[in-house]
Amino acid sequence: MTTVNETPTLPISHFTSHFAALAACLLLALATLSPGQAQQPAGIRPTGLRCEAAVDPLGVDVAEPRLSWALEAARPGERDQRQTAYRILVASTERGLRAGRGDLWDSGKVAADRTLGIPYQGRPLASRQRVYWKVRVWDRDGRPSDYSDGAWWEMGLLKPEDWQGQWISRRRAKPLTVREQFGDDPAPLFRREFRITRKLRRARASVSGLGYYELRLNGQRVGDHVLDPGWTDVRKRVLYSTYDVTPLLREGENAVGLMLGNGWYNPLPLPLFGRFNLREHLAVGEPRAILQLDLEYADGTRESVVTDPDWKTAPGPVVRNSVYLGEHYDGRREHRGWDLPGFDERGWEPAVRAREKLGPLQAQFLPPVRATRTLRTVKLTEPKPGVFIFDLGQNFAGWARLRAHGPAGTKITLRYGELLYPDGTLNPMTAVMTQIKNRRQNAEIGAPVTAWQTDSYTLKGEGEEVYTPRFTFHGFRYVEVTGYPGRPGADAIEGLLLHSDVEPDGEFACSNPMFNRLQEVVRWTQLSNMFSVQSDCPHREKLGYGGDIVAASEMGMLNFNMAQFYRKAVLDLADAQRPNGGFTETAPYVGIADEGLGDGAGPVGWGTAHPLLTWQLYQYYGDRRTLEEQMPRVERWIALLRSRAQDGTLDNGISDHESLAPKPRALTGTGFYYLNLRLAERMAGILGREELRRTYAAAADQVREAFNRRFLTAGTGKYDTGTQACQAFALHLGLTPPAERKAALDLLVRDILETRKGHLSTGIFGTKYMLRALTDLGRTDVAYTLANQRTFPGWGHMLENGATTLWEHWEFSDNVYSHNHPMFGSVSEWFFRALAGINPAPDAEGFDRLILRPQVVGDLQWANGSYRSVRGPVRSKWKRSNGRLVLTVELPPNTTAEVHVPARSADAVQEGGGPAEQARGVRFLRMEGGAAVLQVGSGQYTFSTPLPSAK
């Protein structure tokens, strides 16, 4: 990167005495120029400004925030545009920014095409400081754009000493017994009144509560976050949120209130799968809160309202709450007006300072959980007298909102499930917490015999009452309502879809209606499993399993903006790294280590999530900082794998989870070992650590040789037992020698088409790898056959049996397996990467280099895909039309792509009505796999060619 002197912005007073003369000279000069000599506007402009990957973020606690922007062509479709330089202005006031004064930082003109993750390099910033920024860029011809629209960010609390608030809790006379923990234990309320005596300029509230909190000011709920803060190992970091609360305050008396839930900080001692007691592995304690309400007055003075022992506390109306079991609310126990000034606090007790040690507070950088959609009841039935079943038409994760009116003390119970029994009653068994079913011994400690998902609401008897849970969430389609006074209408229950509010980035559609339906099912499934961790299911387990991420991360990234969500997943895995260097099966760590690597480390396939996500964050989003931070942890992980390998192979892991064929543990374990070495090799290369890169490359080569010595039957292409997973791992991961590749692929194809009659037998990893291998090696027709099946096993079988989210297992289950699991969602990745053809290049940095390789396959007549990359939108669409294939692609500035156009020869390809090789911005590279490979820069291109034979 080179800084180039650009003429600085001078004050207007500098021109006062000579302005008229200068203006006259300028007009004369312009008059003598020919039209072609006049300065043309730039061909690009910056847009979509982001700080720390967010738009106008509040509460940034990174000392040098990273700034990014996208580019768009000034003239739609203009080709081969790119940025050659940029200039960033950062100002302390919005007025100063408009005037072009970068008093905090003026980068000057920097000769670089970089648009992602540029660290702020100006004057040191203070807590609560708001800054304003904009950027201009220079195009390929050196022409400057106008400055972008202004953006801003505001700092959070940067140093521990900036926090004046204290963690507070309620006082307990003695710890609860196990039986008491399963009984009523009302969620605590905390309150404080304060006075504002002069005009307020602005107010910011920074707040966290463990396990969950709800913040209220003057009778109103603050913000739209729910289930805040995001789940972390609180011994390592505790997330807090910042809110602009200026409109909620007034001169005179004010009141602030906090309601706390248990969340993951005070879980019930109910062991997962009968073995893993969360209280033995998580940091646990009494619900606690911290708040700092910073007030800035018009006269420039400041003061803060903070949590301390002067706050008062009392039990609230939420009498029980559990992440797994549900919430019970008694409307009669409400403290009317408790969050308003003037409330009678008699009977409330002083709060106490919570002294158990926690990790540092960190601004919550990932999208918060929000309610994003409301679902209406589509069918209401009464299979038994007084038992009402509300069908919301869609399996999802979130809450049911209840409306009712009736006598005080009436208790209405809501029970949740994904299925119905044949008699129309609720079947809740696939959503029961970790198989805790009919365990009579649980009654001895007061625990539920069966761990249903259940909420209840007790009416206070005051007209229509509306209840929505606060401190739990469920996975369900059906709600069983009992105890309802009278007969409810369909509007008595509605659903609220909850999830981490990631932005939608990808769209896919094609001429196959089943694929379009499946695409929506995948998206519903992914959204249902994002509650600050990517869970395996939103009801039974709710845990952040690494294996599910390995199987589905690119599906997630091609559909949604996962930049900050997956950065948080990487940090969770890093926080949980074991002393031996291993990564855990789940993060945050809850004690599960099936088939692991010792010392609490999980199996190799699950631990792969850390280096894989670290690399993909760089490849998809240009996130170099995470790569730099995490490389030492990757080195420790690789050292563990190398120490456990024998003769170059690693016999470890759960293997191809949920496979229908025998699982080849040693083969898949070694395959993951090889993948980790190659990922580490790439990372070391990016970081310029050449010696380490060579070490990992040599080790990977040795593993590949050992893999083939142990698992390959030479001359046959057969790996191990020759299952689809065996062949897919070898082919996709690049372990197969070139001389054996055709035989290995042929064996895989025969197993699919002949042995399995067009069906798959793979689990979560083999499915992803098989679809990719078949496509990359020229047998997309076989991949299409697999994906298009409507009979068992396959995605179509799920849809034919009423699935609205993906199942955990290929076979229908009415008692064990979840019906809302994202780990088979790699089919959506295949839609984008194969059918639409949108692929990042293997060495891409933030999607700057692409491979556009759409597959014209089967009976498809058209396919459209779009992906909003961090550099701008990428689009690919094709259709069969009048005996020709028409392919239109669009790339944002600062990107290049190899476009694979199915064709018999380069001469057969046209672009814009003429030969493609002669088209502006197009260069022929080679023929490959029945396609002309063309290199293009940014812009829009329309290629056409005689239709190839269908695969």
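Thresholds applied
- Residues numbered from 1 in each chain as written.
- Predicted model: local features only at pLDDT ≥ 70, side-chain atom pairs only at ≥ 80, totals over all residues.
- Heavy atoms only, no water.
- Helix = DSSP H or I, 4+ residues; strand = E, 2+ residues; numbered from the N terminus.
- Buried < 20%, exposed > 50% of the residue type's maximum accessible area, 1.4 Å probe, protein only.
- Contact = heavy atoms within 4.5 Å.
- Areas by Shrake-Rupley, 256 points an atom, 1.4 Å probe, with all protein chains shown as cover.
- Lys, Arg positive; Asp, Glu negative; His and termini not counted.
- Charge placed at Lys NZ, Arg CZ, Asp CG, Glu CD.
- Salt bridge = Lys/Arg side-chain N within 4 Å of Asp/Glu carboxyl O.
- Pairing = 2+ DSSP bridges.
- Axes fitted to C-alpha atoms, helices over the stretch in contact; angles between N-to-C directions.
- Phe/Tyr/Trp six-rings, centres within 6.5 Å; stacked < 30°, edge-to-face > 60°.
- Lys NZ or Arg CZ within 6 Å of the ring centre and 35° of its normal.
- Core = buried A, V, L, I, M, F, W, Y, C linked by side-chain atoms within 4.5 Å.

### Here we look at the overall build of the protein
Next up, step 1: Along the backbone of the protein there are 17 helices and 49 strands.
Next up, step 2: Within the span of the protein, comprising 951 residues, buried residues form 60% of the whole.
Next up, step 3: Contacts spanning at least 24 positions in sequence make up 74% of the contacts within the protein whose residues lie at least 6 apart.
Next up, step 4: Split by element, the accessible area of the protein, about 36100 Å² in all, is 48% carbon and sulfur.
Next up, step 5: Separation of charge centres in the protein, based on 116 positive and 108 negative side chains, amounts to 1 Å.

### Some words on the pattern of salt bridges
Next up, step 1: Evaluated as defined, the whole model comprises 82 salt bridges.
Next up, step 2: In this structure, Glu554 and Lys768 form a salt bridge, with 3.3 Å as the shortest nitrogen-oxygen distance. Pair noted here: Glu554 is in helix H5 (residues 546-559) and Lys768 is in helix H14 (residues 764-776), with a separation of 214 residues, a long-range link.
Next up, step 3: Of the residues examined, Lys768 reaches a relative accessible area of 6% and is grouped as buried.
Next up, step 4: Notably, a salt bridge pairs Arg849 with Asp843, separated by 3.5 Å at the nearest N-O pair.
Next up, step 5: Of the residues examined, Arg849 reaches a relative accessible area of 29% and is grouped as partly exposed.
Next up, step 6: Given a relative accessible area of 46%, Asp843 falls into the partly exposed group.
Next up, step 7: Overlapping salt bridges, with partners in common, bring together Arg130, Glu154, Arg201, Arg202, Arg204, Asp244, Glu296 and Arg302 in one network.

### Quick notes on the pairing of strand E48 (residues 931-936)
On a regular strand, one side chain projects to one face of the sheet and the next to the other, so that they alternate.
Next up, step 1: Of all the six residues making up E48, five are buried; the element is thus mostly covered by neighbouring parts of the structure.
Next up, step 2: Examined bridge by bridge, strand E44 (residues 896-902) and E48 share six bridges and lie antiparallel to one another. Across the sheet, Val899 pairs through a bridge with Leu934, a residue of E48.
Next up, step 3: Inspection of the sheet shows strand E47 (residues 922-928) paired to E48 by six bridges, in the antiparallel sense. When the bridges of E48 are listed, Phe924 appears paired with Leu934.
Next up, step 4: Counted between consecutive antiparallel strands, the loop separating E47 from E48 contains two residues, among which Gly929 sits at a positive phi close to 60°.

### Considering the sheet that holds E47
Next up, step 1: The strand order E39-E40-E44-E48-E47 describes an open sheet built from five strands, whose pairing is mixed. Edge positions in the sheet fall to strand E39 (838-840) and E47, since each has one partner strand and no second. Going across the sheet, the axis of each strand differs from the next one's by a mean of 25°, ignoring polarity.

### Structural notes on the packing of aromatic side chains
Next up, step 1: Scanning the entire structure with this criterion turns up 36 aromatic pairs.
Next up, step 2: Ring geometry for Tyr120 versus Trp153: centroids 5.8 Å apart, planes at 75°, classification edge-to-face. A residue pair is termed long-range when its members are at least 10 positions apart, and Tyr120 in the loop between strand E8 (118-119) and strand E9 (130-138) and Trp153 in strand E10 (residues 151-155) qualify at 33 residues. As far as the burial class goes, Tyr120 and Trp153 line up, both buried.
Next up, step 3: Each ring, one from Phe729 and one from Tyr769, has its centre 4.9 Å from the other, and the planes form 75°; the classification is edge-to-face. Here Tyr769 lies in helix H14 and Phe729 lies in helix H12 (residues 724-732), a separation of 40 residues in the sequence.
Next up, step 4: Pairwise contacts between aromatic rings join Phe508, Phe515, Tyr784, Trp830, Phe831 and Phe832 into one cluster.
Next up, step 5: A cation over a ring is seen here: Lys542 above Phe473, with NZ or CZ 3.6 Å from the ring centre.
Next up, step 6: The ring of Phe365 carries Arg567 above its face, with NZ or CZ at 6.0 Å from the centroid.

### Here we look at the pairing of strand E49 (residues 939-946)
Next up, step 1: With eight bridges connecting them, strand E43 (residues 884-891) and E49 associate as antiparallel partners. Along E49, the bridge assignment pairs Leu891 with Gly939.
Next up, step 2: Across two bridges, the pairing between strand E45 (residues 910-911) and E49 is antiparallel. What sits directly across from Glu911, in E49, is Phe943.

### Some details on the nonpolar core
Next up, step 1: Of all hydrophobic cores here, the largest spans 209 residues; its most connected members are Val479, Leu774, Trp795, Trp830 and Phe943.
Next up, step 2: Looking at this core element by element, the count peaks at 11 residues for helix H10 (residues 665-686).
Next up, step 3: If near-sequence neighbours (up to four positions away) are discounted, Trp830 is found in contact with Phe515, Leu771, Thr775, Thr780, Ala783, Tyr784, Ala787 and Leu835.
Next up, step 4: Ranked by size, the runner-up nonpolar core spans 27 residues in total, among them Leu200, Ala205, Leu260 and Leu291.

### As for the sheet that holds E45
Next up, step 1: Reading across the sheet, the seven strands line up as E36-E41-E42-E43-E49-E45-E46 and stay open at both edges, with antiparallel pairing between neighbours. Looking at the sheet topology across the chains shown, the edges are occupied by strand E36 (506-510) and strand E46 (914-915).
Next up, step 2: On top of the sheet, helix H17 (residues 826-835) reaches E36, strand E41 (862-869) and strand E42 (872-881); it is set at about 75° to E36, its chief contact.

Shape descriptors only; they carry no functional weight alone.
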